[in-house]
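Letter by letter, the chains look like this.
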Protein chains: 2
Amino acid sequence: MYGTDGCLVKCSSFPCATPKNDSKDTSTTINLDHGDPTMYESYWRKMGNKCDITFNGDDSLSYFANGKSLCWFLESKLEKQIKRLHNVVGNAIVDDHYTIVGTGSSQLMQAALYALSPIDQLEPISVVSATPFYSEYPEMIDFVRSGLHKWAGDARTYEKNGVYIEFITSPNNPDGIIREPVVNGDQGKLIYDLAYYWPQYTAITSSANHDVMLFTISKCTGHAGSRIGWALVKDKEVARKMTKFMEISTIGVSKEAQLRAAKILELISDGCLDPNMENFFEYSQSLMTDRWKRLRQVVMANDLFVLQNYPLQYCLFTKDSFESHPAFAWLICKGGEEEDCEKLLKEHNIQTRCGRRFGSDSRSVRISMLSRDEDFNIFLQRLMAIQGPTNGN
Amino acid sequence: MYGTDGCLVKCSSFPCATPKNDSKDTSTTINLDHGDPTMYESYWRKMGNKCDITFNGDDSLSYFANGKSLCWFLESKLEKQIKRLHNVVGNAIVDDHYTIVGTGSSQLMQAALYALSPIDQLEPISVVSATPFYSEYPEMIDFVRSGLHKWAGDARTYEKNGVYIEFITSPNNPDGIIREPVVNGDQGKLIYDLAYYWPQYTAITSSANHDVMLFTISKCTGHAGSRIGWALVKDKEVARKMTKFMEISTIGVSKEAQLRAAKILELISDGCLDPNMENFFEYSQSLMTDRWKRLRQVVMANDLFVLQNYPLQYCLFTKDSFESHPAFAWLICKGGEEEDCEKLLKEHNIQTRCGRRFGSDSRSVRISMLSRDEDFNIFLQRLMAIQGPTNGN
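Residues numbered from 1 in each chain as written. Chains lettered and ligands numbered in written order. Predicted model: local features only at pLDDT ≥ 70, side-chain atom pairs only at ≥ 80, totals over all residues. Heavy atoms only, no water.

If you look chain A up in an unreviewed UniProt entry, it shows as Alliinase C-terminal domain-containing protein from Solanum commersonii. Per UniProt, the comment on chain A under Sequence similarities (unreviewed entry) is "Belongs to the alliinase family." (UniProt positions renumbered as here; feature names shortened; annotations may be inferred.)

Written as structure tokens, this is what we have:
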């Protein structure tokens, strides 16, 4: 077995985000099930107090925000910085879109479903997404047994006539592939989840310009704890209904989280424009490139797994060509159909998410690439230690 | 007409929360439709930087909180301060309850509905509340046409057998009355909305000890923009399901809002225990007492309206007896059934919420008592200027 000296794991030229502690108890399971973006802490620590924000006791008491947006609870500072960042990065058209803020993009997905579901139909509208789809779609769409919409599974096998909603996650969660709509229907309402359409993950090949586009600060900057997402929406009535959804379900979105998000996005845009500052996307792209390189080496070395490959693409933002290095690795066991990759990795104290959750099979797993350095290093060590033949029972 | 010199309006001995600007354009409508708690800004301004909180760029990136709570996204600092405040005020038993944090109590209402709705029934469970009920209940319960629960109207006329859910809002929104369950059934699941069970609004007569109790910082301290609510829940399975609801709908609650709320609640508890600090509840109770006294004088003087009366009750927290001074005034036109109180007040540039929205009739309106001083003063001036006979068309 190649690399038993651990060099692949430990000898990266890339600086560690967190102090290494490879003496971590070997019985502790490394949790790479969730896409918890703690990898980004290192960048924000380096920024010191550059994006500190202080709230006084008398700040932001009102339900209402200070802006004049159709979305009455959206802070104008946040709206401004969202638009600025998209213009700086060039990943989405903002000018002819309404901005809606949400408590993470999860809430905005539900708001979009609410806004796009016809109210004059007896049957709930079918909602589909191509396999492997984001594992939370089925539950999120059906958990309150809505009469407005229902999960209808894999978009590739959907053939009913009439209206439907298709989620297009691009780059895709779990497998990082760039996606287009797949249902061959003329009455589709499309929701683009572009959470991962940022330069650290994939080349920015064009400025997205769809009717409904969803983004989240969790995967852009790593501030998942803030629960800030936003939608860019072309149609005024859809934007109004999405705002209504947010009003009924949570009477808006935390002002503290919005104002802090504005500050964070501002610093990122500044860093992209000022050569004297450390560019966030360059920093995080380097981190991701390094992690993917090391993961691919380990996977190639032990000959038990396959990783998704990505084409070389020219990025309009970095002015450079590179392969995607997604936020999740979509790892497939080489064994037969009876293979259970999640179980195999769990036996080696690596918690991942089984492919079945994504409408795929148990040979595949989704693995977060966004953990702290320490956990990522232990993950590679443990993956490297797995020996064939695998236990498929 | 009594008080045409405006003395009732202007001669309060109570210090103004905001600088007076009675020259406000008379054509501008004063919006007292929402219960936007900006009245509290004055207290928080006085506190200066005592509850400032600063967030660094690398704070709170993770989805997960640092606590060990069943509610995995609940910050332990907030849980501690919620429990401490309830113990200091004596308005709710916390020790044998799980704490669940929500994006405002609106989200927790839906989480409680989700958790209490049976999953093995063909028909959605009926949800009721006694008229006049919180105006948002019908829409909140039915907006996504859930198959789990449906709005079934006034609890007083509900007579079906079997399981049901009853919302008990106490003190009640809109009319400030202390409430008990009213449905005479043995299979009721009760949700107590105790948003207004704080000493500035009503006497604390006992420590509430129900299965599901909801609170919100919006009405307790005035920080509505933070969107922080909490539930105290006895049953572990219900608490788990409510947490699951929050996980699916928003993957938790903003960490910034939680940590700031913890700081705010801490200062309030400190102020209740330290005689050298200004007690928040004493301050806000004085404000409310003063506003209610002036409103009652105006209403008595013009003889067109009636206000709800409240009994004198002994408060275990203030060690004093007082009448309630609710967050909303429930004003009733003395005219006949054809009277439209909202319309009448709107003609005098006072925006209120019509009684019909609360399952009552158009003779009554709900008026926020929590506006800034300036708006409250203008409201009283305009109310005083209304002359009978009223226009009921």
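**Quick word on the sheet that holds strand β13 (residues 328–333) of chain A**
The strands that make up a sheet pair up through hydrogen bonds in the backbone, lying either parallel or antiparallel. Residue and element names in this part refer to chain A. Taking strand neighbours across the sheet as the criterion, the 4 strands line up as β10-β13-β16-β15 in an open arrangement whose pairing is antiparallel. In the strand order of this sheet, the two ends are held by β10 (305–307) and β15 (353–354), each with one partner. Two elements, β15 and strand β16 (residues 364–368), share 2 bridges in a ladder whose sense is antiparallel. Counted as the bridge partner of Cys-354 is Val-365 from β16. (Pairing = 2+ DSSP bridges. Helix = DSSP H or I, 4+ residues; strand = E, 2+ residues; numbered from the N terminus.)

**Some words on helix α4 (residues 104–116) of chain A**
Taking 1.5 Å of rise per residue, 13 residues should cover 18 Å, and α4(A) covers 19 Å from first to last C-alpha, within 8% of that figure. Among the 13 residues in α4(A), 13 count as buried, and that is most of the element. (Expected span 1.5 Å × (residues − 1). Buried < 20%, exposed > 50% of the residue type's maximum accessible area, 1.4 Å probe, protein only.)

**Some remarks on the nonpolar core**
In this structure, A:Trp44, A:Phe305, B:Trp44 and B:Phe305 are the most contacted members of the largest nonpolar core, which totals 236 residues. In this structure B:Phe305 touches B:Val299, B:Leu331, B:Ile332, B:Cys333, B:Lys334, B:Cys341, B:Leu344, B:Leu345, B:Leu383 and B:Ile386, once residues within four positions along its chain are discounted. (Core = buried A, V, L, I, M, F, W, Y, C linked by side-chain atoms within 4.5 Å. Contact = heavy atoms within 4.5 Å.)

**Describing the pairing of strand β9 (residues 228–233) of chain B**
As a general feature of sheets, a regular strand has side chains that alternate between the two faces. All names here are of chain B. Buried residues dominate β9, accounting for 6 of its 6 residues. Direction of pairing for strand β3 (residues 98–103) relative to β9: antiparallel, over a ladder of 6 bridges. Within the sheet, the bridge partner assigned to Gly-102 lies in β9 and is Gly-229. Across 5 bridges, strand β8 (residues 212–216) lies against β9 in antiparallel orientation. Considered in β9, the bridge of Leu-214 is made with Ala-231.

**Quick notes on the pattern of salt bridges**
Residue and element names in this part refer to chain A. Under the defined criterion, the tally for this structure stands at 30 salt bridges over all chains. Of the charged contacts in the structure, one is a salt bridge between Glu-136 and Arg-357, with a shortest N-O distance of 3.2 Å. Here Glu-136 is found in the loop between β4 (125–129) and α5 (137–142), whereas its partner Arg-357 is found in the loop between β15 and β16, with 221 residues between them in sequence. One network of salt bridges, in which partners are shared, links Asp-33, Glu-136, Arg-353 and Arg-357. (Salt bridge = Lys/Arg side-chain N within 4 Å of Asp/Glu carboxyl O.)

**Regarding the packing of aromatic side chains**
Residue and element names in this part refer to chain A. Scanning the model with the defined rule gives 49 aromatic pairs over all chains in all. Measuring from centroid to centroid gives 5.6 Å for Phe-281 and Phe-317, while their planes differ by 85°, and the two rings are edge-to-face. With Phe-281 in helix α9 (residues 280–302) and Phe-317 in the loop between β11 (313–315) and β12 (320–322), this residue pair connects regions lying 36 residues apart in the sequence. Like Phe-317, Phe-281 is buried. Through a chain of ring-to-ring contacts, three or more aromatic side chains come together here, namely Tyr-40, Tyr-43, Trp-44, Trp-198, Phe-215, Trp-230, Phe-280, Phe-281, Tyr-283 and Phe-317. We note Arg-291 situated over the ring of Phe-376; from NZ or CZ to the ring centre the distance is 4.7 Å. For Arg-366, the ring lying beneath its charged end belongs to Phe-328, and the centroid distance is 3.7 Å. (Phe/Tyr/Trp six-rings, centres within 6.5 Å; stacked < 30°, edge-to-face > 60°. Lys NZ or Arg CZ within 6 Å of the ring centre and 35° of its normal.)

**Quick notes on the domain arrangement of chain A**
Much of the literature gives interface size as the accessible area that the parts lose upon coming together. Residues and elements named next belong to chain A. Domains assigned within chain A are domain 1 (7–44 + 279–385) and domain 2 (76–273). The straight-line distance from the C-alpha centre of domain 1 to that of domain 2 is 25 Å. For the pairing of domain 1 and domain 2, the buried interface totals around 2,800 Å² over both sides, and the portion due to carbon and sulfur atoms is 62%. Taken as a group, Trp-44, Phe-281 and Phe-358 account for 23% of the area that domain 1 buries against domain 2, more than any other trio of residues on that side. A salt bridge links Glu-136 to Arg-353, with the nearest nitrogen and oxygen atoms 3.0 Å apart. At the boundary of domain 1 with domain 2, the tally comes to 15 residue pairs in polar contact (both at pLDDT 80 or more). Those elements giving two or more residues to the side of domain 1 that touches domain 2 turn out to be α9, β11 and β13. Broken down by element, the side of domain 1 that touches domain 2 gets its largest block of residues, 5 residues, from α9. Of the residues assigned to the side of domain 1 that touches domain 2, the class counts are 18 nonpolar, 10 polar and 3 charged. (Domains from an automatic or database assignment. Buried area = accessible area lost by both parts, 1.4 Å probe. Polar contact = N/O pair within 3.5 Å; in protein donor to acceptor, adjacent residues only side chain to side chain. Nonpolar A, V, L, I, M, F, W, Y, C, P; charged D, E, K, R; others polar.)

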